[in-house]
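Okay, here's what each chain looks like letter by letter:
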Amino acid sequence: MLDTQEILALNAFQPQSSGSEDISPDLANLLKRRQQAYGAASVLFYQRPLHLVRGAGVFVYDTEGRQYLDFYNNVMSVGHCHPRVAQAIARQSAQLTINSRYLYDIALDYAERLLAYFPPPLTQVIFTCTGSESNDLALRIARTVTERMGVIVSHHAYHGNTTAVTEVSPASYRSGSQPPYVRTVPAPSSINYGSDIATGFANAVAEQVYSLQKSGFGLAALLVDTIFSSDGVFTDPVGFLAPAVTVIREAGGLWIADEVQPGFGRTGRMWGFERHHLVPDMVTLGKPMGNGYPIAAVVTRPDYLEKFCQITGYFNTFAGNPVAAAAGLAVLETLEAENLLEKATQIGAYLRSQLIALQKLYPQIADVRGDGLYVGVELGDPQRPAPELATCLINHLYLEKQILVGAAGPFANVLKIRPPLCLSKDHVDSFTDALAALLSRFSQ
Ligand code: PMP
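Residues numbered from 1 in each chain as written. Predicted model: local features only at pLDDT ≥ 70, side-chain atom pairs only at ≥ 80, totals over all residues. Heavy atoms only, no water.

A.B. asks: Let's hear about the overall build of the protein chain: which residues, and what values?
C.D. replies: Tallying secondary structure elements over the protein chain gives 13 helices and 16 strands in all. For a compact globule of 444 residues, the expected C-alpha radius of gyration is about 22 Å, and the protein chain comes in at 22 Å, within 12% of that figure. Dimensions of the protein chain along its principal axes, counting C-alpha atoms only, are 60 × 55 × 45 Å. Considering only residue pairs separated by 6 or more positions, the protein chain has 74% of its internal contacts joining residues 24 or more positions apart. Computing the positive centroid from 33 side-chain charges and the negative centroid from 40, the protein chain places the two 2 Å apart. (Helix = DSSP H or I, 4+ residues; strand = E, 2+ residues; numbered from the N terminus. Rg over C-alpha atoms; globule rule 2.2 N^0.38 Å. Contact = heavy atoms within 4.5 Å. Lys, Arg positive; Asp, Glu negative; His and termini not counted. Charge placed at Lys NZ, Arg CZ, Asp CG, Glu CD.)

This is how it looks when you write it as structure tokens:
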């Protein structure tokens, strides 16, 4: 049995690990201050943590002025410190910011513009501040609407950090297991389901629906990240979720599409669920929505919202405040003005084709998966995943080549690649050249 890795352990700084010897006195001092102030909750990336001072476009810069090509951060999705977003935030925060129980134009302008990207019956939005809050609220709505408790997620799902959402995030468990009303299904891979992933996944979901019904909890929802990022990035075949969603709906449950990772154009489509040719019952949004400003949302149907609000209602002080709305609006304007969905499609296809070319040369690459500019590169082979190689590549790409990537998957053997959407072919070439050089060296 292979050991799985908890999500916060992926590519995490370990003070005693090899490679941490060359930490400068200044960095050591910062690490000490952080450890004292944050204690056990401090988590940092890389064997030598990165001390950043600024970002612009696809680059971030450290205290020495070194430039890093960012292939990892999907929050600053339209580009680090994008002038349009930064100026919109500055302008609005100098004019008005206040809680959401007042009327102000910009939030309504934003809500209407955002909702125009959704198909009916997804016609209403509730703003929150984080992806976790969005999933927490979506679960509450689903449980109220169905009057049932059970939720099905994938084996290594991550949906956030509140009490309720941690329960449906097996990737976060350090010990113990999920509560009895949370059920998991293996990730939609050919290793798990053979050549017919859609049917295999639907059968696994049906089994858990039956089990929830038998145990008396009943089924409230299937909650999935539509790109299955923490499971290791699973995108194919196109449309594979449809039979599972049919199973859920026939059992009276709701399908919640978590778009916190793939949403806002990353896959070349506005939403990851579009790849499945389905309309979810609820959609949760976050991360790239404000290009770094904390804004998130649940998009849902009026009848669900009405039923939920009869029972409890919802108020969130900071959610959808005027500055958050300004950030969100500027992100939508930038996606459109710079044609970033089209760019994600084109540059993403080029990136994957270059990686597939590398796969032919380097057998350590087991698979290249993804859609648009969300790509997973699986290392090792399915029977023998290679997390050590992934860690080695991630740290060498950073320290030697000044390129940032991360890890994903239960065994931490999938390179997680999510550059800002304003990426060019030249940036892709820099990355694939660097990766090829390292693979060639480490395959000796
Ligand atoms: N859903 C998914 C799929 C995520 O990846 C994350 C964050 N990594 C969340 C929800 C939670 O978002 P946040 O950290 O903004 O609460």
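A.B. asks: Before we move on, could you go through the site of the ligand and cite the residues and values that matter?
C.D. replies: As a structural note, the neighbourhood of the ligand is formed by Thr130, Gly131, Ser132, Asn135, Tyr158, His159, Gly160, Asp225, Asp258, Val260, Gln261 and Lys287. Between an oxygen atom of the ligand and a main-chain N or O atom of Gly131, the distance comes to 3.0 Å. Expressed as a share of its isolated accessible area of 390 Å², the protein-covered part of the ligand is 83%. Among the elements that take part in the shell around the ligand, helix H4 (residues 131-146) stands out by supplying three residues, more than any other. Across the shell around the ligand, the residue classes break down as two nonpolar, seven polar and three charged. (Near = heavy atom within 4 Å. Polar contact = N/O pair within 3.5 Å; in protein donor to acceptor, adjacent residues only side chain to side chain. Areas by Shrake-Rupley, 256 points an atom, 1.4 Å probe, with all protein chains shown as cover. Nonpolar A, V, L, I, M, F, W, Y, C, P; charged D, E, K, R; others polar.)

A.B. asks: Quick one: what's the story with the pairing of strand E10 (residues 296-300), residue by residue and with numbers?
C.D. replies: Each regular strand displays side chains that alternate between the two surfaces of the sheet. Counted residue by residue, E10 has five buried out of five residues, so it is predominantly covered. Residues Ala296, Val298 and Thr300 of E10 are buried on one face, and the alternating residues Ala297 and Val299, pointing to the opposite face, are buried as well. Pairing analysis gives three bridges linking strand E9 (residues 282-285) to E10, with the strands arranged antiparallel. By the bridge assignment, Val283 is partnered in E10 with Val299. (Buried < 20%, exposed > 50% of the residue type's maximum accessible area, 1.4 Å probe, protein only. Pairing = 2+ DSSP bridges.)

A.B. asks: Quick rundown of the packing of aromatic side chains? Include the residues and the values.
C.D. replies: Tallied over the full model, the rule gives 14 aromatic pairs. When the ring of Tyr110 is compared with that of Phe127, the centres are 5.7 Å apart and the planes differ by 15°; the resulting orientation is stacked. Placement of Tyr110 in helix H3 (residues 105-115) and of Phe127 in strand E4 (residues 124-128) is noted, with a sequence separation of 17 residues between them. Here Tyr110 and Phe127 have matching classes, each one buried. Arranged with centres 6.0 Å apart and planes meeting at 90°, the rings of Tyr193 and Phe201 form a pair that is edge-to-face. Across the pair, Phe201 and Tyr193 agree in class, each one buried. Through a chain of ring-to-ring contacts, three or more aromatic side chains come together here, namely Phe45, Tyr46, Tyr68, Tyr72 and Tyr398. Positioned over the ring face of Tyr61 is Arg54, at 4.0 Å from the centre of the ring. (Phe/Tyr/Trp six-rings, centres within 6.5 Å; stacked < 30°, edge-to-face > 60°. Lys NZ or Arg CZ within 6 Å of the ring centre and 35° of its normal.)

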